[in-house]
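# Residue-level structural notes
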Amino acid sequence: GYELFRAIQSNLAIKHIPVVALSSKSSAEEEAKLLELGYVDFIAKPINPVRLLARTKHVLRLIYGDSPPPR
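Below you will find a few notes about this structure. (Residues numbered from 1 in each chain as written. Predicted model: local features only at pLDDT ≥ 70, side-chain atom pairs only at ≥ 80, totals over all residues. Heavy atoms only, no water.)

Bringing the nonpolar core into the picture now. Judged by nonpolar contacts, Phe5, Ile8, Val19, Ala21, Leu34, Tyr39 and Phe42 together constitute the single largest core of seven residues. Non-local contacts of Tyr39, meaning those with residues more than four positions away in its chain, are made with Gly1, Tyr2, Phe5, Val19, Val20, Ala21 and Leu34. (Core = buried A, V, L, I, M, F, W, Y, C linked by side-chain atoms within 4.5 Å. Buried < 20%, exposed > 50% of the residue type's maximum accessible area, 1.4 Å probe, protein only. Contact = heavy atoms within 4.5 Å.)

Here it is as C-alpha cells:
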C-alpha cells in the first residue's frame with residue numbers, strides 16, 4: 001500500500017490521480033497518518049460496497065466537479 005502510493009506520488013504522469021486508502025487499521029491515528037501522507041480519503045475494512053461507491057463518487061466530484069475526469 002504505502003510503496004505503491006509513494007510510486008504514484010513520484011510519477012508526474014499519474015500523480016494527479018486521487019487515491020483512497022483502504023485499511024484494516026481503523027484507528028483515528030491511522031486515518032490521520034494516511035490523510036497526512038496525501039491520500040484523498042480513508043475507508044476502514046471490511047469494505048461496505050455502498051460506502052465505497054459513495055466515497056468514490058464524492059472524491060471524484062470534489063476533484064473534478066460536474067465534469068467527467070480527463071482521459
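This structure, assessed with the given rule, holds one salt bridge. A salt bridge links Arg55 to Asp41; its shortest N-O distance comes to 3.4 Å. On the criterion of sequence distance, the pair formed by Arg55 in helix α3 (residues 49–64) and Asp41 in strand β2 (residues 41–44) is long-range, its members being 14 residues apart. Accessibility expressed as a relative area gives 14% for Asp41, which makes it buried. (Salt bridge = Lys/Arg side-chain N within 4 Å of Asp/Glu carboxyl O. Helix = DSSP H or I, 4+ residues; strand = E, 2+ residues; numbered from the N terminus.)

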